[in-house]
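Geometric and topological summary
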Amino acid sequence: KLSKLAPLYTSVSGGGHGPCSVLLDFGIVRADNSNNRVEVFFMGLYQLIVRTCLILLFVATTSLFGVVSEASPAAQPVQVEIFEDLPEGSALDPGDRQPTARYTELAFGFVHIPTKYSENALALDRSTPFVLRASLDRALPAGQHQFRLRARGQAWFLMDDRVLLKTNPQKPNRSGDDPVPPPVVLDESGRRPAAYPHQDEVTTIDLDGTPHRFTLVAVIGGKGLMPTPGELSVSFGPPGEVERLLGGDNTPRLTDAEWEAYAAEVKARHQETDVIRRRALSAKVKAAWEARHEQVRKWIKNQPAPELPKVSPETPVFNDIDRFVGARLEAAKIKPMPLTSDLEFLRRLSLDTIGLIPTVEEIRAFLADPSSVRRKRAIDRLLADPGWADHWVSYWQDVLAENPGILKPDLNNTGPFRWWLYQSFTDEIPFDRLVSELVEMEGSVYEGAPAGFGQATLNDAPMAAKADIIFQAFQGEKLSCARCHNAPFHPFKQKDLFSLAAMLEGKEVTLPATSTVPVVEGRRKPLVEVTLKPGDVIGPEWPFQEKLVHLAAIADLPSFRTVPTRHLFAAHIVSSQNERFAQVMVNRVWKRYMGVGLVEPPEDWSQTEPSHPELLRYLAREFLLSGYDLKRFARLIFSSHTYQRKPNPAAPALTAPDERLFAGPLHRRMSAEQLVDSLHQSVGKNFLSEELNLNPAGDRPPRQFLNLGKPRRAWEFTALSNERDRPALALPMAQSNIDVLTAFGWRQSRQSPLTTRDDAPRELQTLILANGILGTRIVRLSDDSAITELCLQDLSLEELLQETFLRVLSRPPSASETEMFQEYLGSLYAERKVEGAEKRTLTLEADRRVSWSNHLSAEATLI
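Note that the coordinates shown come from a computational prediction; the quantities given were computed from them, not determined experimentally. Within any chain, residue numbers begin from 1 and follow the written order of that chain's sequence. Only residues with pLDDT of at least 70 are given local features in this predicted model, and only at 80 or more are side-chain atom pairs given and counted; all residues enter the totals for whole chains, interfaces and linings. Water and hydrogen atoms were dropped before computing side-chain values, which therefore reflect all heavy atoms in the structure.

Structural notes on the overall build of the protein chain
Only DSSP runs of H or I with at least four residues qualify as helices, and only runs of E with at least two residues qualify as strands; both kinds are numbered from the N terminus onward. Each helix and strand in the protein chain was counted, giving 28 helices and 19 strands. C-alpha atoms define the radius of gyration, and 2.2 Å times the number of residues to the power 0.38 defines the globule rule. The C-alpha atoms of the protein chain give a radius of gyration of 30 Å, which matches the 29 Å a tight globule of 863 residues would have. Across its three principal directions, the C-alpha atoms of the protein chain cover 90 × 80 × 75 Å. At a minimum sequence separation of 6, the contacts of the protein chain that also span at least 24 residues come to 72%. About 40,000 Å² of surface is accessible on the protein chain, with carbon and sulfur atoms providing 54% of the total. Distance from the positive charge centre (100 side chains) to the negative charge centre (110 side chains) of the protein chain: 3 Å. Contacts were defined at the residue level, with two residues in contact if any of their heavy atoms lie within 4.5 Å. Here the open area of atoms and residues is found with the Shrake-Rupley method and a 1.4 Å probe, where only the protein chains shown may cover a residue. Residues counted as positive are Lys and Arg, residues counted as negative are Asp and Glu, and His and the chain ends are not counted. We put the charge of a Lys on NZ, of an Arg on CZ, of an Asp on CG and of a Glu on CD.

Here we look at helix α22 (residues 732-743)
Along its 12 residues, α22 runs 16 Å from first to last C-alpha, staying within 8% of the 16 Å computed at 1.5 Å per residue. Accessibility here uses a 1.4 Å probe with only protein chains present; expressed as a share of the type maximum, an area under 20% marks a residue as buried, one over 50% as exposed, and anything in between as partly exposed. Here α22 has its buried residues at Met733, Ala734, Ser736, Asn737, Ile738, Val740, Leu741 and Ala743. Those residues of α22 that are buried lie in contact with α21 (672-682), α23 (763-771) and α24 (773-779). Count one or two residues on from α22 and you reach glycine 745, which has phi positive near 105°. Multiply 1.5 Å by the residue count of a helix minus one, and that product is the helix's expected span.

With respect to unusual backbone geometry
With an omega of 0°, the peptide bond running from threonine 128 to proline 129 counts as cis. Tracing the backbone shows proline 129 in the loop between β9 (123-124) and β10 (130-139). With a phi close to 55°, aspartate 85 is a non-glycine residue in the positive phi region. Following the sequence through the fold, aspartate 85 ends up in the loop between β5 (78-84) and β6 (101-105).

A short note on the nonpolar core
Nonpolar cores were defined as sets of buried Ala, Val, Leu, Ile, Met, Phe, Trp, Tyr and Cys residues, with membership established by side-chain atoms within 4.5 Å. Counting 109 residues, the largest nonpolar core has Trp396, Leu400, Phe431 and Phe474 as its most contacted members. Top contributing element to this core by residue count: helix α17 (residues 579-594), with nine residues. Excluding its chain neighbours within four sequence positions, the residues that come into contact with phenylalanine 474 are Trp396, Leu400, Phe431, Val435, Leu438, Ile573, Arg580, Phe581, Val584 and Met585. By size, the runner-up hydrophobic cluster in this structure holds 37 residues, among which are Ala714, Leu741, Leu795 and Leu801.

Section: the confidence of the model for the protein chain
The pLDDT averaged across the protein chain works out to 89; a share of 90% of its residues lies at or above 70. Here residues 1-72 is a poorly scored stretch, pLDDT under 50, and it has 121 contacts once near neighbours within four places are set aside; other chains count. For every residue, the predictor states its confidence as a pLDDT score lying anywhere from 0 to 100.

Description of the pattern of salt bridges
Basic side-chain nitrogens of Lys or Arg form a salt bridge, by our definition, when they fall within 4 Å of a carboxyl oxygen of Asp or Glu. Taken as a whole and judged by the stated rule, the model has 56 salt bridges. Here glutamate 344 ties to lysine 646 by a salt bridge, and the two come within 2.8 Å at their closest N and O atoms. Taken together, the residues span a long stretch of sequence, with glutamate 344 in helix α7 (residues 342-354) and lysine 646 in the loop between α20 (641-644) and α21 at a distance of 302 residues. Judged by its relative accessible area of 28%, lysine 646 is partly exposed. One connected set of salt bridges, linked through shared partners, spans Asp398, Glu402, Arg418, Glu673, Arg747, Arg750 and Arg757.

Quick look at the packing of aromatic side chains
Only Phe, Tyr and Trp rings are paired, with Trp represented by its six-membered ring, and only when their centres lie within 6.5 Å; those with planes under 30 degrees apart are stacked, over 60 edge-to-face, the remainder tilted. A complete count under the given rule lists 35 aromatic pairs for this structure. Residues phenylalanine 623 and tyrosine 628 carry aromatic rings whose centres are separated by 5.6 Å and whose planes lie at 75° to one another, so their mutual orientation is edge-to-face. For phenylalanine 623, a relative accessible area of 1% corresponds to the buried category. Residue tyrosine 628 is classed as buried on the basis of its relative accessible area, which comes to 0%. Note on phenylalanine 705 and tryptophan 852: the rings are 5.3 Å apart at their centroids and 55° apart in plane angle, and the pair reads as tilted. Taken together, the residues span a long stretch of sequence, with phenylalanine 705 in the loop between α21 and α22 and tryptophan 852 in the loop between α27 (815-829) and α28 (858-862) at a distance of 147 residues. Exposure remark for phenylalanine 705: the relative accessible area of 1% places this residue in the buried category. Here the guanidinium or amino end of arginine 126 rests over the ring plane of phenylalanine 130, the centre of that ring lying 5.9 Å away. Over the face of the ring belonging to phenylalanine 366 we find arginine 374, whose NZ or CZ atom lies 5.8 Å from the ring centre. Here, over-ring charges are defined by two tests on the NZ atom of lysine or the CZ atom of arginine: distance to the ring centre within 6 Å, and angle to the ring normal within 35 degrees.

Concerning the pairing of strand β13 (residues 162-167)
Moving residue by residue along a regular strand, the side chains alternate between the two faces of the sheet. By definition, two strands form a pair when at least two bridges between them are found by DSSP. In this structure, strand β12 (residues 155-159) lies alongside β13, joined through five bridges in antiparallel fashion. Of the residues in β13, the one forming a bridge with tryptophan 156 is lysine 166. Linking β12 back to β13 in an antiparallel pair, the connection comprises two residues, with aspartate 160 at a positive phi of about 50°.

Notes on the packing of helix α13 (residues 462-474) against α17
Two packed helices can be described by the angle between their axes and the distance between those axes. Orientation of α13 relative to α17, taken along the N-to-C sense of each, is 70°, at an axis distance of 8 Å. Accordingly, the angle class assigned to the pair α13 and α17 is roughly perpendicular. Two secondary-structure elements touch here, α13 through Gln472, Ala473 and Phe474 and α17 through Arg580, Phe581, Val584, Met585 and Arg588. Only Asp, Glu, Lys and Arg are considered charged in this grouping, and only Ala, Val, Leu, Ile, Met, Phe, Trp, Tyr, Cys and Pro are considered nonpolar; every other residue, Gly among them, is considered polar. Split by residue class, the contact of α13 with α17 holds five nonpolar, one polar and two charged. Orientation is described by axes fitted as lines to C-alpha atoms, over the contacting stretch for helices, and by angles from 0 to 180 degrees between their N-to-C directions. Throughout, the term roughly parallel applies to angles under 35 degrees, roughly antiparallel to angles over 145, roughly perpendicular to angles from 65 to 115, and oblique to all others.

Things to note about the pairing of strand β11 (residues 143-151)
Counting buried positions along β11 yields seven of nine residues, so the element is predominantly enclosed. Relative to strand β14 (residues 199-207), β11 runs antiparallel, the two being bridged by nine bridges. Within β14, the position partnered with glutamine 146 by the bridge is threonine 204. Pairing geometry for β11 and strand β16 (residues 232-237), over five bridges, is antiparallel.

Remarks on the side chain of asparagine 403
Within the element layout of this structure, asparagine 403 appears in the loop between α10 (387-399) and α11 (418-426). For asparagine 403, the side chain forms a polar contact with the main-chain nitrogen of arginine 750, separated by 2.9 Å. Setting aside residues up to four positions removed in sequence, asparagine 403 forms contacts with Leu411, Asn412, Asn413, Thr414, Gln748, Ser749, Arg750 and Gln751. Residues adjacent in sequence count toward polar contacts only when both atoms are side-chain atoms; beyond that, a polar contact is any pair of N or O atoms within 3.5 Å, and within protein one must be able to donate a hydrogen and the other to accept it.

A closer look at the state of the cysteines
Two cysteines joined by a covalent bond between their sulfur atoms form a disulfide. The criterion for a disulfide is a pair of cysteine sulfur atoms lying within 2.5 Å. For the coordinates displayed, the defined rule picks out zero disulfides. Here cysteine 481 is not cross-linked by a disulfide; its sulfur's nearest cysteine counterpart is in cysteine 484, at 9.4 Å. Judged by its relative accessible area of 35%, cysteine 481 is partly exposed.

A few points about helix α12 (residues 431-440)
The element α12 is extensively covered by neighbouring structure, given that 10 of its 10 residues are classed as buried. What α12 keeps buried is the set Phe431, Asp432, Arg433, Leu434, Val435, Ser436, Glu437, Leu438, Val439 and Glu440. One or two residues past the end of α12 sits methionine 441, with phi positive at roughly 55°.

With respect to the environment of leucine 636
Relative to the elements of secondary structure, leucine 636 occurs in helix α19 (residues 630-638). Leucine 636 sits 139 residues away from leucine 497 along the chain, and the two C-alpha atoms are 36 Å apart. Apart from residues lying up to four places away in sequence, leucine 636 is in contact with Asn319, Ile321, Tyr618, Leu619 and Glu622.

With respect to the packing of α17 against helix α18 (residues 613-625)
Two elements in contact, α17 and α18, have axes whose closest approach is 8 Å; the angle formed by their N-to-C orientations is 105°. Taken together, the axes of α17 and α18 are roughly perpendicular relative to one another. Along its contact with α17, which presents Ala582, Gln583, Met585, Val586, Asn587 and Trp590, the element α18 presents Leu615, Leu616, Arg617, Leu619, Ala620, Phe623 and Leu624. Residues of the contact of α17 with α18, tallied by class, amount to 10 nonpolar, two polar and one charged.

Side note on the side chain of arginine 700
Relative to the helices and strands, arginine 700 is located in the loop between α21 and α22. For the buried arginine 700, no salt bridge is present, and the opposite-charge side chain at shortest range is aspartate 699, 5.4 Å distant. Polar contacts involving the side chain of arginine 700 include one to the main-chain carbonyl oxygen of asparagine 173, which spans 2.9 Å.

Here you go:
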C-alpha cells in the first residue's frame, strides 16, 4: 500500500525517495546502497504497529501540509528520467544506458531539477551536459490541438515516438558585444513571451481522443553553458488560445501570473523533497555519527566534571549557568540585573533564534500561554522554527569568509557554500560533522557544497588561507602572520601553517615567492624571523605534537573522504580530546547571545584568559554530552536567568576577563540582516529584488558566472560585482537592499574571516533609512503593504496604534505616544479611505534581453 501513497522518487545510483525512504526515516528499515539490499529490523510487535500507524499518518498528511509532493498518478502524471554521461548524439536513443534519477512532475514545465546528492548528502554536479526525458500517457479530447515547445537549448517533443517539434542547441557566448535581440512583441492573448534566448516551436495536429504517449527530451547545459533548464516547457490548447502546460488536469496556462505561480510551487516542492531525500540517503552516515557521539559521552562521563558553585538563596537560579555566574557576582558584591519583561524577552529571543522580530500573531500566542510556562514554550517554538537555519548562515558566512562572485571570480572568491550551511542547520546535523565536512571539502563547488569553501581564486597558497580560517573559527588561533614569516606575537612558525596547508592539499606544497619576506644580503634585516625560503617543499603533517590526539579518536570519525590527510586534519580538530574545539564553539555561541565572550576575542585566544574558566569547562562538557547539538546548547543559554536579564547599561563591550561578570547581557544592536529582514516583516512586504545573476541567457559556464537566485532572506545577497558601474549590469533593487546592509556593517566582499563586525552608529545609517530607496519602500502605504491593509480595517485610531506598535516595536504604545499620534492623526483618520479605489498587484518588470553577452551595447545600457 505504501508504494501507492509515498512520493515517487527513485535515484538509481545512491538511494532514493520512495516507500523505503519513508520507512527508513521512521527507523523500520535500513537501506544498504552498496549492494542494493534493504534489511528489515523486526522490532517488538507493539513498536511495529505504532510506527506503522505513524507512517500511514505521515504519508496521509504530507500532501496536506506540503511536506512532500503529491504522488498519485493523477496529480503527478509526468514521469521524468535524468541521463548522465550519454555519448554525443544519443539523447533520443540512450540504448541500454540507465537513468541516474527518476521522479514525477505535475506537468511538462521544468524550472528546477532535483539536486544530486552524495551518500553523505552533499550536493554533486551532474554531467555536462545531461539529458532530461519526460513522458506522459494521456488521452486528449478529439479535435485540433496546438502544441508549443519552449526551450533554451536542444530539445525534441514526440508523440508515440514521432518527433513533432524540435529546437536547436544553444551556443555559448565569448564576448560582451553581441547585439541586443529585438524587443518581444506581446500579442493580445496574454501569453507569456519566450524569454531570450528561449526558442518557441509550434505545430497543430488533429487528435482522435485515444491515449497517446507524449515525450519531451532536452539536453540541459553543455560546454560553456549553465546546466539549468531555463523555462523548458510543452503546452497545448485550441488554436488561437493561450496554451496550457501538458500534464494532468487543470494545469496552469502559459501566462505570466500562472507560470510564475507554477514555477514557485515547483521550486518549493523540490526543496522539500530534497530535504527528505538527503536525510534518507545519509541515514547510514547519521547512524555512524550517533555511534561516535555515544563513545564521546562515555569518554566525557569518565572525566572529572566542574564542581557547581554554591550561591546564596538571594541569587536567582534558573539552571546551572546561573550558579557559575552568580558565584562571581556574589564575590564582587554586585547584584544581577532584573529579568526583562515578557515582551522584551520574546523580541530578544526571536531575534537571537530566527533573526526576525516577532509577528503580532506570535506575540498574542505568547501572551496567551500561562506565565509559568510562557518563556519555555516560546523557546520551544522558536527553536523549532525554520528561521533557525537562516539566522546562523550569516554568522558563518563572516567567520568562514564565504565570498562567491556572480561575475568572473576575482581575488579570493569562494564557491557559494552558503547553501550547504543552510542545509546543515536545516537538517540539524551535529556540529562536529559540519566541521568535518567543511574540512574535507567534498561535493560540488558551484551547487552549494563544502567544496566551495576550498576555492580561493588567484591566491598563491589557497590552502594556507583555508587553514588559517579553520583555526580561527574552531581553535581560537590566528595563523595569519605565519603566512609570510614566523608569527612574532603568536607561537606559530611559517612551516606550521604550510604543513597544515599540505594536509588540506593532500600532498606536498611548495612555498611561493609571494608568500615570504625577502631577505636581501647587505640590506636591513627584517624585524620578523624568516625560516623558509621560496621553493622550499613542505609535507603534509600535523605540526603541533603537544596537540596530537589519540589514534582511536581519529579512527571513530566517520568519513567519506577522497583526501585522507583532510580526514586526519578534521579528526584532530573535532576530537573529544581536543578540549579547545568545544570551548571555542560554546564561547562563540555565548558571545552571540550575551554580547561578549567568556574569552575575547573569540578567534584569538593566544594572549587572553577566560573570565569564567569553570563555566567554560562546564559549557564545553554539556556541548559534548549533547552530541555537539547546537540547538540543545542554545536552549541551555536561553533558559538561564543570566540570558533573560535586562541589559547592563554600565557594562562596556570589552573589558579585562576579571571585569566581565555578566550581571546582564550587553546592549546589542540588530545586525544588518536582522534589520533588513525585520523591516520587511514589520510591514508584510516581500523582498523586491532582481535575480542575482548577470548571465540570464545562461550562455556562460558556472565557473564564470553564478546564479544565486532571488533573495528570500538578507543573508542570500552578495556583492553585485559591478565596480566599474556598467549600467547594463545594474541590479538597482538588489542594490537598494545591499546599500542598507552595508551601512549597518555587512560586508559585500569577505576575503578574510571576521567574527565581530564594525556596526557602530554613524550618520549614514539614519540618512539611508530616512531617504534611501529601501526605507522609502518600507514606509510607503502601497498596495502590497500589510500596514495599508491594517489602515483599511474597521479599527479605531487607538486600535490602529496598538497594532502598528506591536508589528514594529513588539510592544503597545505608551500613554504619551498614544496621545501624540492621536493628536497628529485624529483630524484625518475618519477620511482615510478613498472610495472606489482598487487594489493593484505590484510587479517588478525587467527586460530580460540584457545579459553579459551584450552588456557593452549602447542599447543594453539604454534599456
